[in-house]
Amino acid sequence: MTPEDRRPDPDALLAHVQQEEEKEARGRLKIFLGMSAGVGKTYAMLEEAHRRRTDGQEVVIGVVETHGRPETETLLEGLELLPRKELPYRGVTMREFDLDAALARSPKLLIVDELAHTNAPGSRHPKRWQDVQELLAAGIDVFTALNVQHVESLNDIVGQITHVVVRETVPDSMLEMADEIEVVDLPPEDLLQRLKEGRVYFGDQAAQAAERFFRKGNLIALRELALRFTAKQVEAQMEVYRRQHGIKTAWLVSDRVLVALSPSPLAPTLVRAARRIATALKADWYAVYVETPADARRPEAVRTRVLRSLRLAEELGAKIVTLQGERVVDEIIAFARSHNVSKIVAGKPMHASWLERFRGSLVDELIARSGTIDIYIVTGEGEPESRHIRRAIRPTRKWPAYVAGILVMALCTGIAAAMHDHFNRENLILVYLLGVVLVGTWIGRGPSMLAALLGVLTYDFLFVPPTLTFAVSDSQYILTFLIMLVVALVVSTLTDRVRLQARNARMRERRTATAYSMSRELVSAREIPDILRIAAVHLGEAGGERISILLPDADGRLVRRVGEASPLDAREMGVAQWVYDHSQMAGAGSGTLPGARGLYLPMVSSRGIVGVLGLHPEGQNPPPPEQIYLLETLGNQIALALEHTRLVDESNQARVVIETERLRNALLGSLSHDLRTPLASIVGAATSLIEDGDDGAIGPKGRKELAEAIKEEADRLERLVSNLLDMTRIEANAILVRKEWVPIEEVIGAALARLAGRLRDHAIRIDVPADLPLVPLDPPLIEQVLYNLFENAVRYTPPGTAIEVRAVKEDPELIVEVADRGPGLPPGTEQKVFEKFYRVAGPAPGGLGLGLAICKGIVEAHGGRIWAENRGGAIFRFALPLEGTPPAVKPEPTDPAAGAPATPRPPLKRSVEL
């Protein structure tokens, strides 16, 4: 191991210092994790609390749920217990953890049980884990307990195993924040025995738990989940420790396999061997390819073979990693140590052994530098190369480049000849070195090496005495020639390497810029046509204009959505359909259906294949590997955007279904009560009237009271049905507003008159100024709004309290207010009360919960707004716009002698139809 390998990473040290500073500012979190209820998490947590208290640490219990278990309750003795906070909710008082009291007490260690608990409405945070975050931020250490089924990332897995949907979950980031996780483990047989003895649940609850959740298979699976999850968390902590302390030697506590890929035909064999090794060890594995400057000189067929090997590894479950560097071994060893790889799979060299001794072997260097990492050497014949690959690998003639190199050196010779009489002979060497640099930069490595050799020979032939011959009179020139040749070769090699690195950097920058630009635009796209439009623009820039996108229809058959100009006959559509059905690349230049004119790539998202991306080259040559790689990246981004759009649509549809079901249940629940009650009263009164004998025991007064009861309950039924019909009209946008210019006091009076009987026990206070203007409104509809508001006030306020009605002009609106002196609205429900079927909990009689929703619909149909507030009771206000010019009202004729109307007139009615 080199000194560089032992030296800690400065960035890791800086991150470690910053993390330590953050840890010092916040409290420490310890989580007691179990596979299910009853394993003893709370018991183990309280035992640890007693040990801490014995050691002199200040320990306070914030909240602990004993579930009536005597042994757990016994452990509470001797520990300070914070009183719980009482919160009223729907007529029930709920006792919750008092976060403010805990912060004010600020102990060194606080016990907060049941991390996944949902707090009662009215609490500061909806979840208890959020309370714990605030405690930690305040510098308080926290012990808490959690079952593995409440971990967010495991929620779906637990549901598949147990067929029980767990609603309360804790995000994984909370567990990653933990300084320590302790698994409280118990064999499933012992837990089932505890359940049978009534030490977990009691009575029928225990029997139900045994039949549903607490089955032995479920417990075994949950136990493995808990142990594996904790093992991953511990492993992550170990990796953090290694990085913080600059430990680059792999700690082989668990197996990880790395297969080092190369352009060799043996690469697919290596991938399969690595897969077998990883499967046998049940280990994660990586497929790593290191891009070097030499990759730019490789034929496209060879680069395509590399991409196929990487794709094969991905299909077999490997994590694909592409690195860039000068030396393959350096990058592989660095990656293996940083990811704690235990085994590296490499291929046996396929070239001659004498060549290994001359330039060294990658395998030998891996073995020498691997340290504690095991090296697996795989041999084999490799996959046979097809004829077109062998033809592509065979060196092609590049005589124009070499001719250009010769011409550059001829130009340098002319310059040197012109300088010969004015400069020392040694200075002429620099002219030839400059020529070598220019050839290496503009043309390539081979021509630059030829230029270096020609420069030495020309310099010797023309400028070193005796001239015009290769003989050398001074033996010192031999050393000069050798140094000149070596320097020229080194310069040409370095120049060529820099040129290739610049080319690779430009290619990577292009891929990154294109992917970033498209992803940034896709974020704002909400509809599929917008996504396809953005995709067409960027795919055209990346792969030319002959690009097509095919998406499935309802029957799973592909339909072209982008690229109408691309040639897609029945044969090409068949190839694209095969790609969609098998999620594999096919077409020109691939190993599947290579006779097709186009190359087709699957567009894959997290839920599977979404569509197919088609690339149609202009000529006969298949697209280069870099272009295929870029198009694959862009295609997968498009797939994710399409998937996101579909998920949004599915979510909206599910939300509509859930809302519809909720409304249906609410409607049925309300109708079952609110229809049954008046019907029962009507049937009872009618039965009494029918059964009354000839003697008339009920009497005329009693008959009248029964008849009035029947009428009152019938009116109540009529109002229920009217509310349902009104709500249906509002939902269907079928409400028709016929506005008239009307004094608002007339509408208020009409609504009060309709409800006069029910308002007997309430004082009505009306404040309507006499100078209010006429208001454009639909009188029956606004009367219904006021009626519903008055009825709501009567229903939710005790007898003897006052109901206030007020109207005021606030340009450009007229505001009407109905206020009561009842208990008011629960905090946070000021907007919810206008939702359909929403009813405030309380002792008031039921209803459908449609009255205020109808008010909202009618007022908004007038172009107004309605809202509710609390101020010593509930206040409902609605505003109507004052639009247009009211008509003039003619004064009534009066008796000139008396100054009064000549004849009696009815009350003033200033309504004029618009």
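Our structure is the block above this text.
Here's a quick rundown of the structure.

Quick notes on the rules
Residues numbered from 1 in each chain as written. Predicted model: local features only at pLDDT ≥ 70, side-chain atom pairs only at ≥ 80, totals over all residues. Heavy atoms only, no water. Helix = DSSP H or I, 4+ residues; strand = E, 2+ residues; numbered from the N terminus. Buried < 20%, exposed > 50% of the residue type's maximum accessible area, 1.4 Å probe, protein only. Contact = heavy atoms within 4.5 Å. Areas by Shrake-Rupley, 256 points an atom, 1.4 Å probe, with all protein chains shown as cover. Salt bridge = Lys/Arg side-chain N within 4 Å of Asp/Glu carboxyl O. Core = buried A, V, L, I, M, F, W, Y, C linked by side-chain atoms within 4.5 Å. Pairing = 2+ DSSP bridges. Axes fitted to C-alpha atoms, helices over the stretch in contact; angles between N-to-C directions. Lys, Arg positive; Asp, Glu negative; His and termini not counted. Polar contact = N/O pair within 3.5 Å; in protein donor to acceptor, adjacent residues only side chain to side chain. Phe/Tyr/Trp six-rings, centres within 6.5 Å; stacked < 30°, edge-to-face > 60°. Lys NZ or Arg CZ within 6 Å of the ring centre and 35° of its normal. Expected span 1.5 Å × (residues − 1). Parallel < 35°, antiparallel > 145°, perpendicular 65-115°, else oblique. Left-handed = near helix turned anticlockwise from the far one by under 90°. Nonpolar A, V, L, I, M, F, W, Y, C, P; charged D, E, K, R; others polar. Patch = residues over 30% accessible without salt bridge, like charges linked within 9 Å, V, L, I, M, F, W, Y side chains within 5 Å. Arc of directions from axis to C-beta.

A tally of regular secondary structure across the chain gives 29 helices and 28 strands. For the chain, with 914 residues in total, the buried portion stands at 41%. Contacts spanning at least 24 positions in sequence make up 70% of the contacts within the chain whose residues lie at least 6 apart. Put simply, the chain shows about 48900 Å² of open surface, and 55% of that area lies on carbon and sulfur atoms.

Take Trp399: it is sitting in helix α18 (residues 399–419). For the pair Trp399 and Pro447, spaced 48 residues apart in sequence, the C-alpha separation works out to 9.2 Å.

What follows concerns the pattern of salt bridges. One pass over the structure, following the stated rule, counts 33 salt bridges. Among the salt bridges present, the one from Asp179 reaches Arg26, with a minimum N-O distance of 3.7 Å. Placement of Asp179 in the loop between α8 (172–176) and β8 (180–184) and of Arg26 in the loop between α2 (10–25) and β1 (29–34) is noted, with a sequence separation of 153 residues between them. Of the charged contacts, one joins Asp811 and Lys809 as a salt bridge, the two residues approaching to 3.5 Å between their closest N and O atoms. Since its relative accessible area comes to 61%, Asp811 is described here as exposed.

This next bit is on the nonpolar core. Counting residues in hydrophobic clusters, the biggest one holds 59 residues, and the most contacted among them are Leu110, Ile111, Leu135 and Leu146. Of all the elements, helix α11 (residues 216–244) adds the most residues to this core, at five residues. One finds Ile735, Ile744, Val747 and Leu781 within the second-largest nonpolar core, a separate group that totals 44 residues.

In this section: the sheet that holds strand β11 (residues 319–324). One open sheet holds the five strands; their spatial order is β11-β10-β9-β12-β13, and the pairing between them is parallel. Pairing within the sheet leaves two strands with one partner each, and these edge strands are β11 and β13 (374–378). Across this sheet, the average inter-strand angle for adjacent strands is 25°, counted without regard to direction. Of the strand pairs in this sheet, strand β12 (residues 343–347) and β13 are connected by five bridges, and their pairing is parallel. The residue bridging Ala346 from the neighbouring strand is Ile377, located in β13. In this fold helix α14 (residues 328–338) packs onto β9 (256–261), β10 (284–291), β11 and β12, with an angle of close to 150° to the strand it touches most, β10.

With that settled, consider the side chain of Asp131. Mapping Asp131 onto the fold places it in helix α6 (residues 128–137). Comment: no salt bridge for buried Asp131; closest opposite-charge side chain is Arg128, at 5.2 Å. A polar side-chain atom of Asp131 sits 3.0 Å from a polar atom in the side chain of Asn119. When near neighbours in sequence (up to four residues on either side) are disregarded, Asp131 contacts Phe97, Leu99, Asn119 and His125.

Turning to the packing of aromatic side chains, a few remarks are in order. Evaluated as defined, the whole model comprises three aromatic pairs. Here the aromatic rings of Phe32 and Phe143 are separated by 5.6 Å at their centres, their planes lie at 70°, and the arrangement is edge-to-face. Here Phe143 lies in strand β7 (residues 141–147) and Phe32 lies in strand β1, a separation of 111 residues in the sequence. With relative accessibility at 0%, the residue Phe32 sits in the buried group. The ring of Phe143 has Lys30 sitting right over it, with the charged end atom 5.6 Å from the ring centre. Positioned above the aromatic ring of Tyr787 is the side chain of Arg754, whose terminal nitrogen or guanidinium carbon lies 4.1 Å from the ring centre.

Taking 1.5 Å per residue, 15 residues should reach 21 Å; helix α19 (residues 428–442) reaches 22 Å between its end C-alpha atoms and fits that length. Residues Leu428, Ile429, Val431, Tyr432, Leu433, Gly435, Val436, Val439 and Gly440 constitute the buried set of α19. Gly444 lies just past α19 and shows a positive phi near 155°.

Turning to the sheet that holds β8, a few remarks are in order. Read from one edge of the open sheet, six strands run β3-β2-β6-β7-β1-β8, paired in parallel fashion. Strand pairing shows two members of the sheet lacking a second neighbour, β3 (80–81) and β8, which therefore form its edges. Each of β1, β2 (59–63), β6 (109–112), β7 and β8 touches helix α3 (residues 41–54); the most contacted strand, β7, lies at about 165° to it. Against the sheet, α6 touches β1, β2, β6 and β7, its axis set at about 175° to β6.

Moving on: unusual backbone geometry. The linkage connecting Asp811 with the following residue, Pro812, adopts the cis geometry, with an omega of 5°. The topology assignment puts Pro812 in the loop between β22 (802–810) and β23 (813–820). You will see that Lys282, though not glycine, has its phi angle at about 55°, which is positive. The residue Lys282 is located in the loop between α12 (267–281) and β10 in this model. Judged by its relative accessible area of 77%, Lys282 falls in the exposed class. Despite not being glycine, Asn340 has its phi angle at roughly 55°, a positive value. You can call Asn340 buried: its relative accessible area is 0%.

This paragraph deals with the packing of α18 against α19. As a packed pair, α18 and α19 sit with axes 9 Å apart at the nearest point and diverge in direction by 160°. As the angle between them shows, α18 and α19 are arranged roughly antiparallel. In terms of crossing hand, the pair formed by α18 and α19 is right-handed. Contacts between α18 and α19 involve Gly405, Val408, Met409, Cys412, Thr413, Ile415, Ala416 and Met419 from the first element and Leu428, Val431, Tyr432, Gly435, Val436 and Val439 from the second. Its residues assigned to classes, the contact of α18 with α19 comprises eleven nonpolar, three polar and no charged.

Relative to the assigned elements, Ala101 resides in helix α5 (residues 99–105). Exposure remark for Ala101: the relative accessible area of 24% places this residue in the partly exposed category. Sequence-wise, Ala101 and Pro83 are 18 residues apart; in three dimensions their C-alpha atoms are separated by 8.3 Å.

A cluster of nonpolar side chains, Trp399, Val403 and Leu407, forms an exposed patch at the surface whose accessible area comes to about 350 Å². With respect to the helices, strands and loops of the structure, Val403 is situated in helix α18.

This brings us to the side chain of Thr801. Tracing the backbone shows Thr801 in the loop between α28 (779–796) and β22. Since its relative accessible area comes to 15%, Thr801 is described here as buried. One polar contact links the side chain of Thr801 to the main-chain carbonyl oxygen of Pro798, over a distance of 2.8 Å. Not counting chain neighbours up to four residues away, the residues in contact with Thr801 comprise Asp761, His762, Ala763 and Arg821.

The next subject is α18. When the terminal C-alpha atoms of α18 are compared, their 30 Å separation across 21 residues agrees well with the 30 Å that a helix rising 1.5 Å per residue should span. Listed as buried for α18 are Gly405, Met409, Cys412, Thr413, Ala416 and Met419. Looking straight down α18, one finds that the buried residues subtend no more than 120° of arc, so they occupy a single side. Facing away from the buried side of α18 by over 90 degrees, the exposed positions are Trp399, Leu407, Leu411 and Ala418.

With that settled, consider the pairing of β12. Among the five residues in β12, five count as buried, and that is most of the element. Of the two faces of β12, both are covered, the one formed by Lys343, Val345 and Gly347 as well as the one formed by Ile344 and Ala346. Judged from the three bridges that link them, β9 and β12 form a sheet pairing that is parallel. Residue pairing for β12: Val257 is matched across the bridge by Lys343.

What follows deals with the packing of helix α27 (residues 744–754) against α28. Contact pair α27 / α28: the axes reach a minimum separation of 8 Å and the direction vectors enclose 50°. Judged by the inter-axis angle, α27 sits oblique to α28. Handedness of the α27/α28 crossing: right-handed. Judged by residue contacts, Val747, Ile748, Ala750, Ala751, Leu752 and Arg754 of α27 engage Pro779, Ile782, Glu783, Gln784, Leu786, Tyr787 and Phe790 from α28. Split by residue class, the contact of α27 with α28 holds ten nonpolar, one polar and two charged.

Purely geometric stuff here, so don't read any function into it on its own.
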